[in-house]
Every structure is written in C-alpha cells, then in structure tokens.
Amino acid sequence: MRARSRDRLVYLAAHPFLFTVLAATRHRPTVRLGGTLLVHDRQAYVHALTRLTLDRTAEGTTGGAVTALTSGAALFDQQGQSHRTSRRTSADPLSAPGVEAMRPTWTNLMARALSPLAEGAELDLVPLAAEIAGITALAILAATSPGPAPVSSSSAPTTNHLPARPLCPAAPTEGPPSHSASAQEPSAERHRTTAERHNDTGPRASGAAVGAGGTRDSRGPTTDRAGRDLRAGPADDARRLAEAARAAAAATAREHLPGLFRRRARDEARLAAARLTALVAPDGGEHAGLHAMLAVAAINTTVAALPRAAAWSADDRLWDAARRDPAALADELLRVIAPTPLLPRAAAGDGELPPGGPVHAGDRLMLIARHAAGAHRSGPDPARPAPPQVARLVFGVGPHACPGARLARIQLADWLAALAPYRPVVTRARPDRRSALPGWRSLTVRAGDTDSAAERRAGSGRRGEA
Ligand code: HEM
C-alpha cells in the first residue's frame, strides 16, 4: 500500500466528514462557513497565529477546553506576562541541553524493544510508542518537579484539574513557576538523574514485544517473552501515565463532539483528567495542572507521530534515507503527517486575514496546520526538504509555538534511526477511532529484507533442500 493512502485512513476513521470538507475546500485560502473560518493558506495561518488578537478562553478552542475543565492559567488560555511565566516553568527540560540529557532514556528503550525484530518477531509499534512517550513525559516531569518523581501506585482521583483538548492536546493548569531549591538545580544534573533512574532500573521490557510472546491482562502485558514481570518499575509507570494521558485527551475530544451524550462525555472527561492529575501529582501542589498538561501534550503527540512516521517510512521504503540522515527525514515526515493537523482558535476582535478577507470578533478559526505546511502537496523528501520555516509550521508559530518541538524532532530522528536497520514492513494496521489526534490503534511490523534476514531465509531454504 502507498504511504499516503494508508495514512489517509487515520483521518477517515476518526473524522470522515471533517476530513472530506477540509480536502474539498483546501484549494481556497480561506473558506467561511457561517461564523467559522477554515484557514488553509500558509500566510493566513501565520497571520492568524501572530497578528490577530485571539480569544484564548473561547469555547471550542484549545484554551477554552482548558478553562472549562481546570482552574485556568494553562498556557493555551494565557497571554502576556502570565503566559511567559508559565513557559519559563517548563523551559528547562525542553531546552537543547535538557533534551540531550534525556535522550538516553528513549534511545536505550528503542534499541532494546526493537531487537526482537532481528529474530523475525512481529511488533506492535503503538504500545511501544506509548511507553516511549510515557518515559519521556516522566523525565520532563521529574525535571520540572521540586519533589519526588511523579506517578505513584495510587491512582485514586483526587482533583478535577484537567489539561487537554482534541487537536493538539496540552495545557498546564496552575501557573507560577517553582522557586524551590531543586527547581533551581543545574538542568543537566536533574535530567541526568532522571535518565539514569530509567536506565539503571531499566524499563524491563516493552509491551510492544509481547505480540511475539509473553502474557497479558486487562491492563496490557504482564510478562515479556522471557517471562519477566512488567507490572512494576519505570516501564509500568510509563505505561500507566501514557494510558491516563491518552484517555484524558480522548475524553476531552469526545466532549466537544456534537451529540446527545455530551453531559456524560463531560463527566468522563473530568474523571479522566482527575485520574491523570492523581498520577502526575498524587499530593496535589501548585504544579499539578502544569504536569498533567505537559504529560498530555508530550504523550498524545508522540503516540500519534511515531507509528505514523514508521508506517509512512515502511510503505514508501524510506529506510535508506533514515539511515543516511534521520534528522532530515524526521523533519519532512513531521511536515507531512502533521500530528496536530488542525488548531481550533477564536478571534477576539475584528481584523483582516490576508489573503482571506475580513475576520469578525467571535469567529471560530480552524487553522489547518497540515495545509499550511504543504502536507497535502508533496510527500517527504529529505534530499529536497521544505524550508524549515515551512516545515515547522506544524508546531505553530508565534508566542504560543510548541515548546516541545525540539524534543519531538530529535526523538523522531532517533526512532527512525533505531528502526532503519530492520527495514520494517507493515503487516497489520488499525486506525484509532477514539484518539484525540489522528493515529493508529495498532501498527504491526516485521523486519523486511535486511541482509541478515535474507541470509536466514537462504539458510532455511538450503536446509529444506537437503
Ligand atoms: C510531533 C509532536 C508535536 C507537535 C506536532 C506539536 C504541535 C503543537 C502545536 C501546533 C501547538 C500550538 C502552537 C500554537 O498555538 O501556535 C503546540 C503547543 C504546545 N505543545 Fe506541542 N507538539 C508536539 C509535541 C510536544 C511535546 C513533546 C511537548 C512536550 C512538553 C509539547 C508541549 C506543548 C505545549 C506545552 C504547548 C502549548 C504552548 C503555549 O500555548 O504556549 N508538544 N504543540
């Protein structure tokens, strides 16, 4: 199957009507449908995010969802000084040295979890992506936490803070930065501690490898293929955190869909948010909401992006490119899969949207990141990549641009580099109809024609002949 055809399934499965409308109107810079403006054009997208005054708490926007379900002050719903202050709180682990220090956390897990491919095993990459997302979020949280590492064995809901929102989930709830002594430790030291914690104990194995053996219970795998217990330790923490963050984002997304059961959806969203907050901050505290938001943002984008990028690379046979220059391929894949394809915003005042025409106060703006980045026009081409200022539009632009972009780009490059030697091919793929972001529910791969696989096959052929 061609990569683009397969990838289209993740949109069609979850939002067939919306996807069809967006595809049908994308040749026009903007399209007005009553009080809603679909913004496809690159210049108009940038203008909307940088020049228009946006109502950060309007219903139906990312910030609005945060405000409705939390005590507010959650990045997406903030502006001005309070927004800058909240950004600083999480800047450290997402800085260049912060990301570099966290990197072994996921590279070691990737290497270990993908190794069964060499033995001919089939792996579901979605649970592995969730585990990678979970340990990364734990590392981010530990680096922004003054206290002990988040995620305890208690999962009782204690608060009703909620970060999250459908198409780019994320948002911290409570604002001021930490002034504690540990928050002021040198960042590398804090990150090293986190990475070491994961690597020393070591995620015991990835749930992704269980497709080739091992046992499961209702929460997922309980042992790996070698019979090792997966139910405790950092790997288990990572999976529980990922599960809670995905559930919170998905429930919030459902709450915003039209239908008869919105009240029930709202209750479910609040409960899912409470569960997540209880995991990331069992004792509450001023950063409980911020931590929950960071977990939602990091986890849902990662679980969407890594499997989609792997499927695209497998279907378009991009593994040589992944070996040559994984960073260039990662940037192109992010442009084309655009993990947060649509940013719902609202205009706070009248304005102009060149080249799209007038904007009125209260208009809903559906900013189509994937069209602004040209995802529909050209496939990933690491030899002739789109200019960075175009490719990075998938991370937004302006004061609210994604602070996790550096981490996401480096992590995806590491993922592609870890997969490339196996030249995986997709054997089964099931889209996720309920997730907040378009993505795969499961994506099973096996190694393709690596040198060693070809040799093994040749060997067993010769044995058969004898
Ligand atoms: C492929 C991965 C990712 C994509 C495509 C992505 C995309 C985006 C987009 C489009 C926005 C809105 C920008 C705007 O309004 O101008 C955003 C905001 C945000 N993202 Fe990401 N993101 C990704 C990964 C991450 C990660 C790993 C984190 C880790 C913490 C993160 C944290 C955030 C936060 C906190 C915001 C809110 C920023 C603000 O309002 O000031 N994201 N992201």
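Structural data are supplied above this passage.
Notes on the structure in this doc start here. Along each chain, residues carry numbers from 1 onward, in the same order as the chain's sequence is written. Note on the predicted model: pLDDT of at least 70 is required for a residue's local features to be given, and 80 or more for side-chain atom pairs to be given and counted; whole-chain, interface and lining totals, by contrast, use all residues. Heavy atoms throughout the structure, all of them, feed into the side-chain values; hydrogens and water do not.

### Points about the coordination of the iron atom of the ligand
Spelled out, the test is: With water excluded from the atoms, a metal site may look incomplete; its donors are any N, O or S atoms within 2.8 Å, or within 3.2 Å for Na, K and Ca. Helix numbers and strand numbers start at the N terminus; a helix is a DSSP run of H or I with at least 4 residues, a strand a run of E with at least 2.
Of the protein atoms, Cys402 (SG) alone serves as a donor to the iron atom of the ligand, at 2.4 Å. Among the structural elements, cysteine 402 can be located in the loop between helix H15 (388-391) and helix H16 (405-419).

### A short note on empty space enclosed by the protein
Test applied: In the cavity and pocket records, a cavity denotes points on a 1 Å grid over the protein atoms alone where a 1.4 Å probe fits but cannot get out, a pocket denotes an open set with protein on both sides within 12 Å along at least 5 of 7 lines, and lining residues are residues with an atom within 4 Å of a point. Grid points are joined across faces, edges and corners, and a volume is the space filled by probe spheres set on the points. Residues are sorted three ways: Asp, Glu, Lys and Arg are charged, Ala, Val, Leu, Ile, Met, Phe, Trp, Tyr, Cys and Pro are nonpolar, and all the rest, Gly among them, are polar.
Per the counting criterion, the structure on display carries 4 cavities of 30 Å³ or more. The space that makes up the second largest cavity amounts to roughly 130 Å³. Lining the second largest cavity are 12 residues, with Tyr11, Leu18, Phe19, Leu22 and Pro341 sitting closest to its centre. Going through the elements one at a time, helix H2 (16-25) and helix H14 (369-372) are the ones with two or more residues in the lining of the second largest cavity. Top element by residues in the lining of the second largest cavity is H2. It accounts for 3 residues. Classifying every residue of the lining of the second largest cavity by side-chain character gives 9 nonpolar, 2 polar and 1 charged.

### Concerning the site of the ligand
Threshold: By convention in this text, a residue qualifies as near a molecule or strand provided that one of its non-hydrogen atoms is within 4 Å of it. Pairs of N or O atoms within 3.5 Å make up the polar contacts considered here, provided that, within protein, one atom can donate a hydrogen while the other can accept it, and that residues adjacent in sequence are counted only when both atoms are side-chain atoms.
Near the ligand lie 27 residues; those nearest to it are His83, Arg87, Arg345, His400 and Cys402. The separation between an oxygen atom of the ligand and a polar side-chain atom of arginine 87 is 2.8 Å. Histidine 400 has a polar side-chain atom sitting 2.8 Å from an oxygen atom of the ligand. Among the elements of the structure, helix H5 (80-94), helix H11 (288-315) and strand E6 (342-346) are those that each provide at least two residues to the shell around the ligand. Top element by residues in the shell around the ligand is H11. It accounts for 5 residues. Considering only residue class, the shell around the ligand consists of 19 nonpolar, 6 polar and 2 charged.

### A short note on the packing of helix H6 (residues 96-114) against H16
Helix-helix packing: each pair is described by the crossing angle between the helix axes and the interaxial distance. As a reminder of what qualifies: In this analysis, axes come from line fits to C-alpha atoms, helices being fitted only over the stretch in contact, and the angle between any two N-to-C directions falls in the range 0 to 180 degrees. Throughout this description, any angle smaller than 35 degrees is read as roughly parallel, any larger than 145 degrees as roughly antiparallel, any in the 65 to 115 degree range as roughly perpendicular, and the remainder as oblique. By the definition used in this description, the sense in which the near helix is turned from the far one sets the handedness, with an anticlockwise turn below a right angle giving left-handed and a clockwise turn giving right-handed. Contact between two residues is taken to exist if any of their heavy atoms lie within 4.5 Å; hydrogens are not considered.
Direction vectors running N to C along H6 and H16 enclose 30°, while the axes themselves pass 10 Å from each other. Considering the angle they form, H6 stands roughly parallel to H16. Note that H6 runs across H16; the crossing there is right-handed. Packed against H6, whose contacting residues are Ala96, Val99, Met102, Arg103, Trp106, Thr107, Met110 and Leu114, the element H16 presents Arg406, Leu407, Ile410, Gln411, Asp414, Trp415, Ala418 and Leu419 at the interface. Looking at the contact of H6 with H16, its residues break down into 11 nonpolar, 2 polar and 3 charged.

### Observations concerning the sheet that holds E6
Counted only if it meets this: Two strands are counted as paired when DSSP detects at least two bridges linking them.
Reading across from one edge, E1-E2-E9-E6 is the order of the 4 strands in this open sheet, with mixed pairing throughout. Each edge of the sheet is formed by a strand with only one pairing partner; in this case those strands are strand E1 (30-33) and E6. Direction aside, the axes of adjacent strands within the sheet are offset by 20° on average. By the bridge criterion, 5 bridges tie E6 to strand E9 (residues 364-368) in an arrangement that is antiparallel. Across the sheet, the residue bridging to arginine 345 is leucine 365, located in E9. Its contacts with the sheet place H2 against E1, strand E2 (36-39), E6 and E9, and it is angled at close to 65° to E2. Those strands touched by helix H3 (residues 42-50) are E1, E2, E6 and E9, and its axis lies near 130° from that of E9.

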